[in-house]
Amino acid sequence: MSFKSQTRKGTSRQRAKSTREKKPKEKKKRVTVKKTQGKTKELSATEVTEQTINSISKLGNQVFALSPFSQYFDDWLLNLRNELTEFESNPAIKVDEQFMKERAQIFLDVEAALAEKRLVEATLTKEAKALEENNHKIADANKEYSEKSRELSNKRNVEIQKLSNEVHQLEDDLASQQNIKLGFFKFKEKRLATQKLAQTNQDLKTAKNKLEVTIESFKAEQDKLHDNYERQKQELFAISDSLHKQLEKLETDASTQARQLACNDLVQAINALMQRASTPEQSA
């Protein structure tokens, strides 16, 4: 009797222990289900609609920070689709065919608008490269002008120095010949000395004239070089100004208006859906 009683007590303890081990798992599972079911029941159609409208409005007011702004388009569209999908899949919401048609058209419109903005940004990106190339051309023009101007100046200095030396030499020769007393020479030698003096005088005039012409020629060449440089620089700067005006568009998110319009239209479509859904209830 004592042996059987101990056996029954041992079996009772094992069953009690087994029951205590299983109960927490079953209780935890039931609580989880209640929470999940409770969360679903707590949200009414009005509350779901308000949450969705608030989320869509936030997306409509979103401004992208950095260009190219098209890098944000796909994620933004995905977020907007997710908000609509969550709204439509909620048991409290009953969508109709009219809403689905309006929804589809709104997405088609905003996708087309964003595709156009994407193309504009791609074009502006090309213009940014064009501006960079144009800036290189301006730098090259400055460098080329400086080099040609320096070469011309060096050539001018060498040529003018050479002609100036010839003039000075002829002036010295002329002065020496004028100081010679011709009375001591014979008639023939006197005539030759006179001819030489006249030739030196003529050579001096020619040399001076050549020096003046050379100076004027170099000045004209320098002026021509400078005028060509200024004209080229003005053309390049005009291109830069035009490209800068185009590229200013890159600094502004041009998709804001299209995205706001799409979100506003979706909000109106949702409100219209809820109005249609409440009409039969009011009539009843």
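Residues numbered from 1 in each chain as written. Predicted model: local features only at pLDDT ≥ 70, side-chain atom pairs only at ≥ 80, totals over all residues. Heavy atoms only, no water.

A.B. asks: I would appreciate a short explanation of the nonpolar core in the present structure.
C.D. replies: A general tendency of soluble globular proteins is for nonpolar side chains to be buried together. One finds Ile-56, Trp-76, Leu-80, Leu-84, Phe-87, Phe-99 and Leu-266 to be the most contacted residues of the largest nonpolar core, which totals 25 residues. When residues of this core are traced back to their parent elements, those giving at least two are α2 (45-60), α3 (73-89), α4 (97-179) and α6 (256-283). Looking at this core, the element that brings in the most residues is α6, giving seven residues. With near-sequence residues (within four places) excluded, Trp-76 lies in contact with Leu-59, Gln-62, Phe-64, Val-110, Leu-114, Arg-259 and Cys-263. One finds Val-167, Leu-170, Leu-204 and Ala-207 within the second-largest nonpolar core, a separate group that totals five residues. (Core = buried A, V, L, I, M, F, W, Y, C linked by side-chain atoms within 4.5 Å. Buried < 20%, exposed > 50% of the residue type's maximum accessible area, 1.4 Å probe, protein only. Helix = DSSP H or I, 4+ residues; strand = E, 2+ residues; numbered from the N terminus. Contact = heavy atoms within 4.5 Å.)

A.B. asks: Help me out: how do you make sense of the layout of surface pockets in this one?
C.D. replies: A volume near 150 Å³ is recorded for the largest pocket. Lining the largest pocket are Leu-43, Val-48, Gln-51, Thr-52, Ser-55, Glu-83, Glu-86, Phe-87 and Asn-90. Sorting elements by how many residues they give to the lining of the largest pocket places α2 first, with four residues. When its residues are assigned to classes, the lining of the largest pocket shows three nonpolar, four polar and two charged. (1 Å grid on protein atoms, 1.4 Å probe; cavity = no way out; pocket = protein on both sides within 12 Å on 5 of 7 lines; lining within 4 Å. Points joined across faces, edges and corners; volume = space filled by probe spheres on them. Nonpolar A, V, L, I, M, F, W, Y, C, P; charged D, E, K, R; others polar.)

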